[in-house]
Every structure is written in structure tokens, then in C-alpha cells.
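Each chain, letter by letter, is given below.
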Amino acid sequence: MSTPDGLTTPDGTPRRISYLAVPGEDAVTPDIVKLWGKAHANLGFTPNVFRAQALNPAQFSAWWAYFNLLLNKEGFLPPVEREMIAVVVSNVNRCVYCAVSHGAALRGLLSADGQSPDLEGVLAVNHRHAPLTARLHAMLDFAEKLTRTPEAMREQDLGPLRGHGLTDPQILELTQVIGMFNMTNRISSALGFVPNDEYHAAART
């Protein structure tokens, strides 16, 4: 026996991917069914977050449009840097879904960029130990501070970013990505979203 999304536990019983109801294809709009199919064609599976958040179709569509723009479209920061931010923020927040899924995405981007995918594991634990440029360390320090103590942010926190050459549009995008993951981490953690099994093994070598 399986859940509508096909997930089972090792003993064959249904595995929940959210604390809330998860809609099937007959309960969502054609646009969402199309998006699920496109994701499955690209990844080989449909991300559980796509299924869980589709319970509220209009809100899911709006979230995905902004998320996709910030993470997957051409922007002011390279995709690999945006995924590094995602991994650091998600691990500071201890968000299982986002830490696992974006860890997989970062490993893939690192490999494609000729870097070791093992760097993802270091970033997940303590980015200060990662062999990164001073510019990237400044960005990740900023991401951690904004995540841990948003009330403590001041204009001078932008100084190290500007000192390493970040432009205002880059700083804005950096902050938007941090904000997106703080929101998505909280949604995923509060509602018990479970990452797809495929993420765990992805891009390990």
C-alpha cells in the first residue's frame, strides 16, 4: 500500500510527507498538474514540497513563481552562490526538507562547476571552515546573522559586502534569497514536509 505520492516506509506502510492533507491530481488545477509533470520529467520525481503546498493552489503558484525566479533564473548572483546561501540558512534553521533538498542541488552545481561536492557537507555544518573566498564568507556571515538575529541588523552590516565588491542589486538579491529560505524553512518545518528519498544520494560522487 502506498500514499498518493507513492511513498512507503521500509515495512510497506504509507509514509506521510506532510502533517496536512496532500492533494492528488484530481484536486488541483491543470497548471499544477503540468508543473508536477515537468518537475518529474526533469528530476525523475516530483518534489514533495510541490505536492504538499499544492493544497492551496493559488498560494503555491505564487510561492513557486518567486522561488523559481530567485533560485533558478538568471540573476545578480551565480546559481552556485544562491544555493550556498540556501544550504547555510536551511541548516541554521535545522530545516530537514530544505537542508536535504538544497544540499543535493548544491552538490550538483559544485560538480558542474568543477568543485568537489564534499564542500556542501562542510557548508552544512560550519561555513567558516569551508575553503571559500573572502567575498563568499562575508555573504554567508551576513546570511547567518540575518537568520539568527534579524533584529540586530544595521546598515553597517552591509559594509563587508560592499567591501568585497557586491553591488546594491546583488545585496538585494542576497537578502531576498535569505528571506525566501527563512520563510520556506518555517513552512516546511512547521508542517513536517519530508524530503524525497532521491535527494539523499544525489550528486554524491
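Residues numbered from 1 in each chain as written. Predicted model: local features only at pLDDT ≥ 70, side-chain atom pairs only at ≥ 80, totals over all residues. Heavy atoms only, no water.

As named in an unreviewed UniProt entry, the protein chain is Alkyl hydroperoxide reductase AhpD, taken from Deinococcus aquiradiocola.

K.L.:
Help me understand the nonpolar core, please; the structure alone is not making it clear to me.
P.N.:
Nonpolar side chains tend toward joint burial in soluble globular proteins. With 54 residues, the main nonpolar core has Phe50, Met84, Ile85, Leu123 and Leu174 as its most contacted residues. At the level of elements, helix 1 (30–43), helix 2 (48–53), helix 3 (57–72), helix 4 (79–92), helix 5 (96–112), helix 6 (119–125), helix 7 (134–148) and helix 9 (168–190) are the ones that each hand at least two residues to this core. The greatest single-element share of this core, amounting to eight residues, is contributed by helix 4. Excluding anything up to four places from it in sequence, Leu174 contacts Leu77, Ile85, Met139, Phe142, Leu161 and Leu166. (Core = buried A, V, L, I, M, F, W, Y, C linked by side-chain atoms within 4.5 Å. Buried < 20%, exposed > 50% of the residue type's maximum accessible area, 1.4 Å probe, protein only. Helix = DSSP H or I, 4+ residues; strand = E, 2+ residues; numbered from the N terminus. Contact = heavy atoms within 4.5 Å.)

K.L.:
Could you clarify how one ought to interpret the packing of aromatic side chains in this entry?
P.N.:
The description of two aromatic rings rests on the distance between their centres and on the angle between their planes. Scanning the entire structure with this criterion turns up nine aromatic pairs. Each member of the aromatic cluster is reached from another via a ring pair, and the members are Phe50, Phe60, Trp63, Trp64, Phe67 and Phe181. Between Arg51 and the ring centre of Trp36, over which it is positioned, the NZ or CZ distance is 4.6 Å. (Phe/Tyr/Trp six-rings, centres within 6.5 Å; stacked < 30°, edge-to-face > 60°. Lys NZ or Arg CZ within 6 Å of the ring centre and 35° of its normal.)

K.L.:
Can you help me understand the UniProt feature "domain: Carboxymuconolactone decarboxylase-like" (unreviewed entry) in the protein chain in this one?
P.N.:
Here the UniProt-annotated "domain: Carboxymuconolactone decarboxylase-like" (unreviewed entry) positions come out as residues 60–107. Helix makes up 81% of residues 60–107 and strand 0%. Its end C-alpha atoms lie 26 Å apart. (UniProt positions renumbered as here; feature names shortened; annotations may be inferred.)

K.L.:
I keep staring at the pattern of salt bridges and nothing clicks. Help me out?
P.N.:
Where charged atoms from two side chains of opposite charge come close, those side chains can pair. A complete count under the given rule lists seven salt bridges for this structure. Across the pair Arg15 and Asp197 runs a salt bridge, and its minimum N-O distance is 2.8 Å. Taken together, the residues Arg15 in the segment before helix 1 and Asp197 in the loop between helix 9 and helix 10 (198–201) connect sequence positions 182 residues apart. Overall, Arg15 belongs to the partly exposed group, its relative accessible area being 25%. Of the residues examined, Asp197 reaches a relative accessible area of 40% and is grouped as partly exposed. The residue Arg135 makes a salt bridge to Glu81 at a minimum N-O spacing of 2.6 Å. (Salt bridge = Lys/Arg side-chain N within 4 Å of Asp/Glu carboxyl O.)

K.L.:
In this structure, what is going on with the packing of helix 7 against helix 9? I would like to understand it.
P.N.:
When two helices pack together, you describe them by how their axes are tilted relative to each other and by the distance separating the axes. Remark: helix 7 packs on helix 9, axes separated minimally by 10 Å, with the N-to-C direction vectors making an angle of 45°. The pairing of helix 7 with helix 9 is recorded here as oblique in orientation. With respect to the hand of their crossing, helix 7 and helix 9 are arranged in right-handed fashion. In contact with Arg135, Met139, Phe142, Ala143, Leu146 and Thr147 of helix 7, helix 9 contributes Gln170, Leu174, Thr175, Ile178 and Asn182. (Axes fitted to C-alpha atoms, helices over the stretch in contact; angles between N-to-C directions. Parallel < 35°, antiparallel > 145°, perpendicular 65-115°, else oblique. Left-handed = near helix turned anticlockwise from the far one by under 90°.)

K.L.:
So what exactly am I meant to see when it comes to unusual backbone geometry here?
P.N.:
One can expect most non-glycine residues to show negative phi and most peptide bonds to be in trans. The backbone of Arg94 shows a phi angle near 55°, a positive value even though the residue is not glycine. Locating Arg94 in the fold gives a position in the loop between helix 4 and helix 5. Here Arg94 falls in the exposed class, since its relative accessible area comes to 74%. For Ala203, which is not a glycine, the phi torsion comes out positive at approximately 55°. With respect to the element layout, Ala203 can be found in the segment after helix 10.

K.L.:
Whenever I open this one, the environment of Val89 confuses me. Can you help?
P.N.:
Counting through the fold element by element, Val89 comes out in helix 4. Looking at Val89, the relative accessible area reads 0%, which means it is buried. In this structure, the C-alpha to C-alpha distance between Val89 and Leu140, residues 51 residues apart in sequence, is 8.5 Å.

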